[in-house]
Amino acid sequence: MTTQLTLIQIDNYGPWTITPEPRREMDLQTMQSRLFADLAQFIGSRGGYVFFSRFDNMIAVTNGIGRAGHKALQESVRNRYPVTVSLGIGTAETPAAALDEATEQIQAAGSAQDEGRTEVLAGEPLGADADATTHIAHFDVNDATGKYTDQLNEFDSFIHIERSYASLMEYMREAHGALSFFVGGDNIIAVCPDLSAADYRDAINHVERDVGVELKVGVGRGTTAHDAGYAAKHALEDCRYEGTIVEFDHPQATTGDD
Ligand SMILES: Nc1nc2c(ncn2[C@@H]2O[C@H](COP(=O)(O)OP(=O)(O)OP(=O)(O)O)[C@@H](O)[C@H]2O)c(=O)[nH]1
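Summarised in this report is the structure supplied together with it.

Rules used throughout
Residues numbered from 1 in each chain as written. Predicted model: local features only at pLDDT ≥ 70, side-chain atom pairs only at ≥ 80, totals over all residues. Heavy atoms only, no water. Salt bridge = Lys/Arg side-chain N within 4 Å of Asp/Glu carboxyl O. Helix = DSSP H or I, 4+ residues; strand = E, 2+ residues; numbered from the N terminus. Buried < 20%, exposed > 50% of the residue type's maximum accessible area, 1.4 Å probe, protein only. Core = buried A, V, L, I, M, F, W, Y, C linked by side-chain atoms within 4.5 Å. Domains from an automatic or database assignment. Near = heavy atom within 4 Å. Polar contact = N/O pair within 3.5 Å; in protein donor to acceptor, adjacent residues only side chain to side chain. Areas by Shrake-Rupley, 256 points an atom, 1.4 Å probe, with all protein chains shown as cover. Nonpolar A, V, L, I, M, F, W, Y, C, P; charged D, E, K, R; others polar.

1. Quick notes on the pattern of salt bridges
- The final tally for this structure, using the stated rule, is eight salt bridges.
- Residue Glu124 is joined to Arg67 by a salt bridge in which the shortest nitrogen-to-oxygen separation is 3.9 Å. Here the residue Glu124 occupies a position in the loop between strand S5 (121-122) and strand S6 (134-141), and Arg67 occupies one in helix H3 (residues 67-80), the gap between them amounting to 57 residues.
- Its relative accessible area of 34% is what places Arg67 among the partly exposed residues.
- Asp140 is the salt-bridge partner of Lys216, the closest N and O atoms lying 2.9 Å from each other. One end of the pair, Lys216, is in strand S9 (residues 215-222); the other, Asp140, is in strand S6, and 76 residues separate them in sequence. Residues Lys216 and Asp140 agree in their burial class; the two are buried.
- Connected via shared salt-bridge partners are Asp140, Lys216, Glu237 and Arg240.

2. Points about the nonpolar core
- The biggest cluster of nonpolar side chains holds 46 residues, and the ones touching the most others in it are Phe139, Met172 and Tyr200.
- Split by domain, the residues of this core number at least three in each of domain 1 (3-122) and domain 2 (134-248).
- In terms of nonpolar packing, the next biggest core, distinct from the first, is built from 21 residues, Phe42, Ile43, Ala60 and Ile65 among them.

3. Remarks on the site of the ligand
- Neighbouring the ligand are 14 residues; Asp140, Asp143, Thr145, Asp186 and Arg240 lie closest to it.
- The separation between an oxygen atom of the ligand and a polar side-chain atom of Asp186 is 2.8 Å.
- One of the side-chain N or O atoms of Lys233 is found 2.8 Å from an oxygen atom in the ligand.
- Here the ligand has 630 Å² of accessible area as a free molecule, and 58% of this is covered by the chains.
- Elements with a minimum of two residues in the shell around the ligand: S6, helix H5 (144-149) and helix H8 (225-242).
- In terms of residues, the shell around the ligand owes the most to one element, S6, which gives three residues.
- Residue composition of the shell around the ligand, grouped by class: three nonpolar, five polar and six charged.

In structure tokens form, the structure reads like this:
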């Protein structure tokens, strides 16, 4: 299996936000969220996933999207936005290693705040003969509506959800080189290497011990993020139906420790 990740970095964005003087915050928020929406549309329509992370930098799973697709994305952003984007592509068995490679490509071309560095397109997409299978794990808080949304004010609910996200993202990053992203509501999507049910159970137990939030997870695989993520959603439905905390949409091809 190999995950192809693309780091999307807005070129020279920091200086732009204060030139000629600080821009209205809600105008920046509008631009950032519209750019994210357009990236989600463009990448999603080609089977990929994109996560907003810090908005000035975003991370996409781009298995199945080649250099021409990446170039078209840059052109489309340049034609419609007051900013441009640089793209670094990396491929590896673990998502963290793929992101390292993607990041090195962009960093080698110059600083994020170098006005001479624009529209870098670096790194090689997966070859046609590579095994492009990727794994997506879709985590969800158990009964977030009953425990939080219907009981607490929105900010206090948000604190519980964000704590579980912080705990899970660090654990998955350190233990497995997996990258986890909050995607709204009580949902966290992780891009993962091939892990066992025991690995996922350990992650869920860690979060419960650490911050007292109970999670469940559906895991899918596919040659695009959409295929893997959609399978993960079905597996999550199986958790709901079976009352379990880990379900795969496919037989596990792992070490058999579970
Ligand atoms: N991004 C994303 N958000 C979702 C999805 N499904 C639900 N949500 C969000 O999660 C919130 C809670 O929904 P659920 O997870 O179904 O509700 P719950 O109360 O936790 O119930 P159980 O998950 O069945 O334990 C919703 O208000 C949505 O914001 C999804 O597939 N993707």
